[in-house]
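# A structural walkthrough
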Amino acid sequence: AQSVTQLGSHVSVSEGALVLLRCNYSSSVPPYLFWYVQYPNQGLQLLLKYTTGATLVKGINGFEAEFKKSETSFHLTKPSAHMSDAAEYFCAVSLMTGNQFYFGTGTSLTVIP
Amino acid sequence: DAGVIQSPRHEVTEMGQEVTLRCKPISGHNSLFWYRQTMMRGLELLIYFNNNVPIDDSGMPEDRFSAKMPNASFSTLKIQPSEPRDSAVYFCASSFAGSTTEAFFGQGTRLTVV
C-alpha cells in the first residue's frame, strides 16, 4: 500500500529563515513524488516533482526537494522564506505503474515578519 | 489550455436539496479525480476515473453521493439529498495515466449546505 506522512501540520518560520517541510512515503514500487502548494481559496498547484534521474529537483519560487530512497523521504526546502510563501503544502506520491495519487495531510506554513 | 474547469465556484443550498458539481478536465487527460477538502479531514479522494470508467469509488461517503463521466471532457459529482456535513470544498483534478504527468487541479467548488 502507498501512503504519505507529513510531519508537522503547522510550521512557523521567520522571514529569511530556512524552510524545511518533511515528507515520508511508503511505496511498494518506485514512486513518483510531488509537492503542491495551496494558497487561500485556490486549488493546488505543482511546486515540483521527482520522476526519475537527478534526486535533487528544483521547483518554482526557489523551492527544492531531494529524493532519498534509503530514508523514503522527499523533504521540501527553501533557503530563505518570504512572506508570500505562507500557504498550505501537500506532499503526494503516485506509482509508475498506475495513476492513483496519494496525498499527505498537508503542512500549513506561516512566515513571521 | 484553460486548465481544469469547475463550476460553480460557490454553491449555497438548503439541506435536502440536490447539488450537482461539474468538471471539465484538461483535453487529452485520461484520468479524473474528485477530492473533498475540509478542515477536519483534509484532502480526501472520493472517486477516480480512468478512460471514463470509475476505477475506485471507495472514498465516496455514502449512497447520497454519485459521480459520472459520460465522456472524456465532462464529469459530474452529485449529492442527493445534501446535508450540512457535506459542506466542504470539492476539487476536480485530471492527469494522464501511466506517465510522469502530475495531477492538475481545478479551482474548486465551495459548497455550503444550510
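This text goes with the structure placed above it.
To keep things clear, this report deals only with the structure shown in the data block. Note that this is a predicted model, so its numbers are computed, not measured.

### Things to note about the overall build of chain B
When helices and strands are counted, chain B shows zero helices and 11 strands. For chain B, the N- to C-terminal ordering of α and β elements is β-β-β-β-β-β-β-β-β-β-β. The C-alpha radius of gyration of chain B comes to 13 Å, within 12% of the 13 Å expected for a compact globule of 114 residues. When the backbone C-alpha atoms are referred to their principal axes, chain B occupies close to 40 × 25 × 25 Å. Within chain B, the proportion of its 114 residues that are buried is 47%. The long-range fraction of contacts in chain B, counting pairs at least 24 apart against all pairs at least 6 apart in sequence, stands at 54%. The average position of the 10 basic charges and that of the 12 acidic charges among the side chains of chain B differ by 3 Å.

### Focus on the nonpolar core
The tendency in soluble globular proteins is for nonpolar side chains to be buried as a group. By size, the foremost hydrophobic cluster in this structure holds 27 residues, and its most contacted members are Trp35(A), Leu48(A), Phe74(A), Leu76(A) and Tyr89(A). Contributions of two or more residues to this core are made by β2 (10-14), β3 (19-21), β5 (31-38), β6 (44-50), β8 (64-68), β9 (73-78), β10 (87-95) and β12 (107-112) of chain A. Considering each element in turn, this core owes the most residues, four residues, to β10(A). Leaving out residues up to four positions away in the same chain, Leu76(A) has contacts with Val19(A), Leu20(A), Leu21(A), Trp35(A), Leu47(A), Leu48(A), Phe63(A), Glu64(A), Ala65(A) and Tyr89(A). Membership of the second largest hydrophobic core comes to 21 residues, among which are Leu32(B), Leu46(B), Ala67(B) and Met69(B).

### Considering the state of the cysteines
Summed over all chains, the structure comprises two disulfides over all chains. Sulfur-sulfur distance for the disulfide between Cys23(A) and Cys91(A) comes to 1.9 Å. Across the S-S bond of Cys23(A) and Cys91(A) the torsion is about -65°, and the bridge reads as left-handed. Taken together, the positions of Cys23(A) in the loop between β3 and β4 (24-26) and Cys91(A) in strand β10 put the pair 68 residues apart, joining distant regions of the chain. Here Cys23(B) pairs with Cys92(B) through a disulfide, and the sulfurs are 1.9 Å apart. Linking Cys23(B) and Cys92(B), the disulfide has an S-S dihedral of approximately -70° and is accordingly described as left-handed. With Cys23(B) in strand β3 (residues 19-24) and Cys92(B) in strand β9 (residues 88-95), the pair connects residues that are 69 residues apart, well separated along the chain.

What counts and how
- Residues numbered from 1 in each chain as written.
- Chains lettered and ligands numbered in written order.
- Predicted model: local features only at pLDDT ≥ 70, side-chain atom pairs only at ≥ 80, totals over all residues.
- Heavy atoms only, no water.
- Helix = DSSP H or I, 4+ residues; strand = E, 2+ residues; numbered from the N terminus.
- Rg over C-alpha atoms; globule rule 2.2 N^0.38 Å.
- Buried < 20%, exposed > 50% of the residue type's maximum accessible area, 1.4 Å probe, protein only.
- Contact = heavy atoms within 4.5 Å.
- Lys, Arg positive; Asp, Glu negative; His and termini not counted.
- Charge placed at Lys NZ, Arg CZ, Asp CG, Glu CD.
- Core = buried A, V, L, I, M, F, W, Y, C linked by side-chain atoms within 4.5 Å.
- Disulfide = S-S within 2.5 Å.

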